[in-house]
Amino acid sequence: MDVGGSDSNGRDFETADDMWREQAGDPDKKTEWYRHGVGYWEGVEASMDGVLGGYANVNEPDINDSEAFLKMVLSERFPTGVKDRPIVALDCGSGIGRITKNLLIRYFNEVDLLEPVSHFLEAARETLAPGNHMDSDIHKAVNFYCKPLQDFTPDTQRYDVIWIQWCIGHLTDEDFVSFFQRAKVGLKPGGFFVLKENIARQGFVLDNTDRSITRSDLYFKGLFARCALHIFKIKDQRGFPEGLFAVKMYALTTDLPKKVHRTRSKLRANRPRIIK
Ligand SMILES: C[S@@+](CC[C@H](N)C(=O)[O-])C[C@H]1O[C@@H](n2cnc3c(N)ncnc32)[C@H](O)[C@@H]1O
């Protein structure tokens, strides 16, 4: 990546590749990068304030905008609904299961959670135990995988939606691309990814405390192209307190968005005709 950036101590990097070479450029450094990242979260309390960095108050606007986005994309991807089969989601870097509990479990028959920090995953398992949420006979949290994204490969065509929020910044560019390449296999036909992330104004910002990077929209788009993923829908999060990073939601598909086909057929329909 030829975009520059800086770290949280104000140090500049000419390109992201320079930064990655320094932070994770050989197997030992890479192990260290991931050890530090997970180590940081292992020291954080399993609570809403903990996983939201002291901003538990963003939970409500976050869930509201995520729900509107999910509803819109589901209705466009599955206009006639999905009959005769359970619909299934994966919550990546799920933390204490905040998103599953407040959103995914209401829309999906089965939700799997993937989280490398065991005390977060245990908290999720407790909150999501049958009886602790509505309709638990038809909406269930099924699998709790204690693993990081870079080591995970989903079962083939298990998921309608793979939700990845506020955790992809822990992955190097290389592991970002290989994660999405493996995860694509886990999508059912018509399935999609939702990536919800903080957005840097330009380039990237490296956080030295939890070993994560915040990427710009342009940086993300470069990575999506490397993964051969298409942006089906994109939306800005609204209603967060001043001073936080901007946040975007991307719905990503392996097929070209329909709009492209519509535009092509519109172009065909509008082309000049020879009148005899
Ligand atoms: C800011 S919290 C967000 C949790 C949850 N997605 C939410 O929005 O409530 C970041 C989460 O990413 C997890 N995480 C850290 N490194 C990860 C990795 N390599 N793969 C997957 N998740 C990771 C942390 O353990 C933590 O639960």
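Presented here is an overview of the structure given in this document. Computed from a predicted model, the values in this text were never measured in an experiment.

This part takes up the layout of surface pockets. A probe matching the size of a water molecule, rolled over the atoms, marks out where space remains unfilled. The space that makes up the largest pocket amounts to roughly 1,100 Å³. As for the largest pocket, its lining consists of 50 residues, and the residues nearest its centre are Trp41, Val51, Trp166, His170 and Asp210. When residues of the lining of the largest pocket are traced back to their parent elements, those giving at least two are α2 (27-42), α5 (98-107), β7 (187-199), β8 (204-207) and β9 (212-215). In terms of residue count, the dominant contributor to the lining of the largest pocket is α2 (six residues). Looking at side-chain class alone, the lining of the largest pocket contains 28 nonpolar, 15 polar and seven charged residues.

On to the pattern of salt bridges. This model, assessed by the stated rule, comprises 19 salt bridges. Here Lys233 and Glu76 are joined by a salt bridge, their closest N and O atoms 3.0 Å apart. In this pair, Lys233 is assigned in strand β10 (residues 230-236) and Glu76 in helix α4 (residues 59-77), connecting sequence segments 157 residues apart. We classify Glu76 as partly exposed; its relative accessible area is 37%. Put simply, Asp160 and Arg85 hold a salt bridge, and the shortest N to O gap is 2.8 Å. Placement of Asp160 in strand β6 (residues 159-165) and of Arg85 in the loop between α4 and β3 (88-92) is noted, with a sequence separation of 75 residues between them. Classification of Asp160 as buried rests on a relative accessible area of 1%. Using a relative accessible area of 30% as the deciding quantity, one classes Arg85 as partly exposed.

On to unusual backbone geometry. A positive phi angle, near 55 degrees, is found at Trp166, a position not held by glycine. You can see Trp166 is positioned in the loop between β6 and α7 (173-184). One non-glycine residue, Ala228, adopts positive backbone phi at about 55 degrees. Following the sequence through the fold, Ala228 ends up in the loop between α8 (217-226) and β10. You can call Ala228 partly exposed: its relative accessible area is 43%.

Moving on, we get to the pairing of strand β4 (residues 110-114). With four of its five residues buried, β4 lies for the most part within the structure. Relative to β4, β3 is paired through five bridges, and the arrangement is parallel. Note on β4: the bridge partner recorded for Val88 is Glu110. Of the crossover connections in this fold, the one passing from β3 over α5 to the parallel β4 is right-handed. Inspection of the sheet shows β4 paired to strand β5 (residues 140-145) by four bridges, in the parallel sense. What sits directly across from Glu110, in β5, is Lys140.

Reading the values: the criteria
- Residues numbered from 1 in each chain as written.
- Predicted model: local features only at pLDDT ≥ 70, side-chain atom pairs only at ≥ 80, totals over all residues.
- Heavy atoms only, no water.
- 1 Å grid on protein atoms, 1.4 Å probe; cavity = no way out; pocket = protein on both sides within 12 Å on 5 of 7 lines; lining within 4 Å.
- Points joined across faces, edges and corners; volume = space filled by probe spheres on them.
- Helix = DSSP H or I, 4+ residues; strand = E, 2+ residues; numbered from the N terminus.
- Nonpolar A, V, L, I, M, F, W, Y, C, P; charged D, E, K, R; others polar.
- Salt bridge = Lys/Arg side-chain N within 4 Å of Asp/Glu carboxyl O.
- Buried < 20%, exposed > 50% of the residue type's maximum accessible area, 1.4 Å probe, protein only.
- Pairing = 2+ DSSP bridges.
- Right-handed = clockwise from strand over helix to strand, strands pointing away.

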